[in-house]
Amino acid sequence: MSNIEQTLSIIKPDAVERNLAEKIKEKFLENELIIKNQKKIQITREEAAEFYKVHQTKPFYDRLCNYLSSGPIVVMILEGENAITVNRKIMGATDPKQADDGTIRKEFGISIDKNSVHGSDSQDNAKKEINFFFS
Ligand code: GDP
């Protein structure tokens, strides 16, 4: 049975700054994820804090919010068969050093902070995150 899902992807400031957006989008297309909607924006510190509020008790929260609001990002709705899981797989582990060969974070990530992409990790979060940027 088919399971077409939508997920939210963000190309983070480190990757936009290094002009990697098109190369990253190719990875999605190669894996049969369609870009349904996309925009290049810069968010405020407050918006980043709202977006990442699940992490508000973490020691890296402040750094994370400063970073996501530090420069332009590309936010996208990706759609395809099992899009949430497929996107997480293409992204690779949070820490680029731990990421598998061929993943975006392995190829392009600089560090656990500057790890080039975000992707929703569940159906619930995908809905919330898509709404956050596209409503
Ligand atoms: P993701 O879903 O793989 O992006 O990872 P998380 O949702 O757990 O964390 C959000 C972001 O916080 C990650 O993408 C990292 O850029 C950042 N981050 C910074 N320091 C740390 C850390 O020590 N641990 C984790 N898990 N994330 C960190």
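The structure under discussion appears in the preceding block.
Conventions adopted
Residues numbered from 1 in each chain as written. Predicted model: local features only at pLDDT ≥ 70, side-chain atom pairs only at ≥ 80, totals over all residues. Heavy atoms only, no water. Helix = DSSP H or I, 4+ residues; strand = E, 2+ residues; numbered from the N terminus. Rg over C-alpha atoms; globule rule 2.2 N^0.38 Å. Buried < 20%, exposed > 50% of the residue type's maximum accessible area, 1.4 Å probe, protein only. Areas by Shrake-Rupley, 256 points an atom, 1.4 Å probe, with all protein chains shown as cover. Lys, Arg positive; Asp, Glu negative; His and termini not counted. Charge placed at Lys NZ, Arg CZ, Asp CG, Glu CD. Arc of directions from axis to C-beta. Contact = heavy atoms within 4.5 Å. Pairing = 2+ DSSP bridges. Axes fitted to C-alpha atoms, helices over the stretch in contact; angles between N-to-C directions. Near = heavy atom within 4 Å. Polar contact = N/O pair within 3.5 Å; in protein donor to acceptor, adjacent residues only side chain to side chain. Salt bridge = Lys/Arg side-chain N within 4 Å of Asp/Glu carboxyl O.

In terms of regular secondary structure, the protein is built from 7 helices and 4 strands. Ordered by position from N to C terminus, the α and β elements of the protein give β-α-α-β-α-α-β-α-α-β-α. Taking 14 Å as the expected radius of gyration for a compact globule of 135 residues, we find that the protein reaches 14 Å, a close match to that expectation. Summarising its shape, the C-alpha atoms of the protein cover approximately 40 × 30 × 25 Å along the three principal directions. Expressed as a percentage of its 135 residues, the buried residues of the protein come to 47%. Here the protein has roughly 7600 Å² of accessible surface; of this, 48% comes from carbon and sulfur atoms. Within the protein, the 21 negative side-chain charges are centred at a point lying 3 Å from the centre of the 20 positive side-chain charges.

Time to look at helix 4 (residues 61-68). Every α-helix winds through 3.6 residues per turn, so residues three or four apart in the chain are directed the same way. Regarding helix 4, the residues found buried are Tyr-61, Leu-64, Cys-65, Tyr-67 and Leu-68. Mapping the buried residues of helix 4 onto a view down its axis gives an arc of 165 degrees, with all of them on the same face. Contacts made by the buried residues of helix 4 are with helix 1 (13-17), helix 3 (45-51) and strand 3 (73-81).

On the basis of which strands lie adjacent, the open sheet formed by 4 strands has the order 2-3-1-4 and antiparallel pairing. Of all the strands in the sheet, just strand 2 (34-41) and strand 4 (117-119) have a single pairing partner and so form its edges. Strand-to-strand twist across the sheet, computed as the mean angle between neighbouring axes with direction ignored, equals 20 degrees. As defined by bridge partners, strand 2 adjoins strand 3 across 7 bridges and the pair is classed as antiparallel.

The immediate surroundings of the ligand are formed by Lys-12, His-55, Phe-60, Arg-63, Leu-64, Arg-88, Thr-94, Arg-105, Ile-112, Asp-113 and Asn-115. In the model, an oxygen atom of the ligand is placed 2.8 Å from a nitrogen or oxygen of the Arg-88 side chain. At a separation of 2.6 Å, an oxygen atom of the ligand approaches a polar side-chain atom of Thr-94. Coverage of the ligand by the protein amounts to 79% of the 520 Å² it exposes when considered alone.

Considering all chains together, one arrives at 8 salt bridges under this definition. Glu-79 is the partner of Lys-36 in a salt bridge, and the nearest nitrogen-oxygen pair spans 3.9 Å. With Lys-36 in strand 2 and Glu-79 in strand 3, the pair connects residues that are 43 residues apart, well separated along the chain. For Glu-79, a relative accessible area of 18% corresponds to the buried category. Glu-50 is the partner of Lys-53 in a salt bridge, and the nearest nitrogen-oxygen pair spans 3.0 Å.

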